[in-house]
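A closer look at the structure
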Amino acid sequence: MKFLKKILLILVIFLPSGNIFSEENLFNVNNIELLKKANISNDQLANKAIKLGFEELTKKILLQNDYKKLSQLNFQEIKQLVSYYQIINSNENKDIKENIVNFNIFFDRNKLHDLFYKRNIFYSDISNKELYLLPILIKDDRIFIYTNNYFYQQWAVIEEKNLIEFILPIENIEIIQNLNKKKNNLLDLDLNVLFKEYSNKNLALVILEEDNQKINKIYLRTRIQDKYIDKSISSSEVASNNKEDHYKNTIKKVNEEITNLVKSQNLIDVRTPSFLNARFSLNKNNTLVELDKRLEKINLVEDVFVQEFNNRYVLLKIKFIGKIERILKQLENQKIILKFINEQWSIKII
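My aim in this report is to walk through the structure given alongside it, one point at a time.

What about the packing of aromatic side chains?
- Following the criterion strictly, the structure yields eleven aromatic pairs and no others.
- Aromatic rings pair up to connect Phe27, Phe116 and Tyr123 into one cluster.
- Its guanidinium or amino end placed over the ring of Phe75, Lys51 lies 5.3 Å from that ring's centre, counting from NZ or CZ.
- A cation over a ring is seen here: Arg279 above Tyr313, with NZ or CZ 3.8 Å from the ring centre.

Focus: the nonpolar core
- Phe103, Phe107, Phe116 and Tyr123 are the most contacted members of the largest nonpolar core, which totals 51 residues.
- When near neighbours in sequence (up to four residues on either side) are disregarded, Phe103 contacts Val29, Asn30, Asn31, Ile32, Leu34, Leu45, Ala46, Ala49, Tyr85, Gln86 and Ile87.
- Core analysis: the second largest hydrophobic core is formed by 48 residues, Leu131, Tyr150, Leu220 and Ile233 among them.

Focus on the packing of helix H6 (residues 150-158) against helix H9 (residues 243-264)
- Between H6 and H9, the shortest axis-to-axis distance is 10 Å and the interhelical angle comes to 70 degrees. With respect to H9, the element H6 is oriented roughly perpendicular. When the axes of H6 and H9 are compared, the crossing they make is right-handed. For the pair formed by H6 and H9, the contact residues are Tyr150, Phe151, Gln154, Trp155 and Ile158 on the first element and Glu244, Tyr247, Lys248, Thr250, Ile251, Lys252, Val254 and Asn255 on the second.
- Taken together, the residues that form the contact of H6 with H9 break down as seven nonpolar, three polar and three charged.

Considerations on the pattern of salt bridges
- In total, this model carries eleven salt bridges according to the counting rule given.
- Through salt bridges that share partners, Lys231, Lys253 and Glu257 make up one connected network.

Thresholds applied
Residues numbered from 1 in each chain as written. Predicted model: local features only at pLDDT ≥ 70, side-chain atom pairs only at ≥ 80, totals over all residues. Heavy atoms only, no water. Phe/Tyr/Trp six-rings, centres within 6.5 Å; stacked < 30°, edge-to-face > 60°. Lys NZ or Arg CZ within 6 Å of the ring centre and 35° of its normal. Core = buried A, V, L, I, M, F, W, Y, C linked by side-chain atoms within 4.5 Å. Buried < 20%, exposed > 50% of the residue type's maximum accessible area, 1.4 Å probe, protein only. Contact = heavy atoms within 4.5 Å. Axes fitted to C-alpha atoms, helices over the stretch in contact; angles between N-to-C directions. Helix = DSSP H or I, 4+ residues; strand = E, 2+ residues; numbered from the N terminus. Parallel < 35°, antiparallel > 145°, perpendicular 65-115°, else oblique. Left-handed = near helix turned anticlockwise from the far one by under 90°. Nonpolar A, V, L, I, M, F, W, Y, C, P; charged D, E, K, R; others polar. Salt bridge = Lys/Arg side-chain N within 4 Å of Asp/Glu carboxyl O.

Okay, structure coming up:
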């Protein structure tokens, strides 16, 4: 009888749930703030929140070209992708005709995967969102790093809500010395030498050349996910007659380009899943309930199958998308340890 209960428990635990109740889900969009007017119904407001939520989600996880592929979806198609939504708070004071309503929109991961599969779209799941960035201004044949450099001083101020957290390194004499040594050929700079204190981080050096009060050349030197990528940006894309606006547009454009580069190095192809067979030993610390709870928080895990079980262990087949390095990292983040022992993967929770 006890063994039968265990069988039923396993079947119940690993019924597919789609991760819809995971608050850490990549496909949740939180804090959509809308103004509720007296002549707008609750359904109309919720529909608007869903549209905005879908736009925010696709901008967050898709490359710019793929984002455009979904711009023609009608509202009914978008609404079918929603699992449910929450109204977080609302001003219930009836004496006030207008109030602010906050929505959380929960999109169905499996339906989104199906959409991406049919449209041949990759999406990005970024685990490391920190990027250390140093903007260098070249003007009148001089290099400005920390002082008299609008971009260093204002980058963090102008930066809007962004997927990537741009961090400007504090003033460092070694960085100044290294830049001065290479001032005649900044494009040959070794990022590992320049950002010696941040050797394990994503890095970006932004070189901005100014002429006649305008930025006319923009170069990027980046290291993202240990891959080096150089890129130039057309200054015409940030043109403005107002100098302040021109500078602000430059920062926003560079942020967009770097964000797209980071996305490109973290793409997931839903058409090519992988499978991992692992043995999960059962004891009072390693319970299936707790394992399933943690796996539910990992977006790369698509499904878990029970292949064999007894009183001592369960053999699991884990279906996931993305590279093995990424799934190992996400498992580690959930305090799930995966090790290859005696030619077999072993999984445990801590």
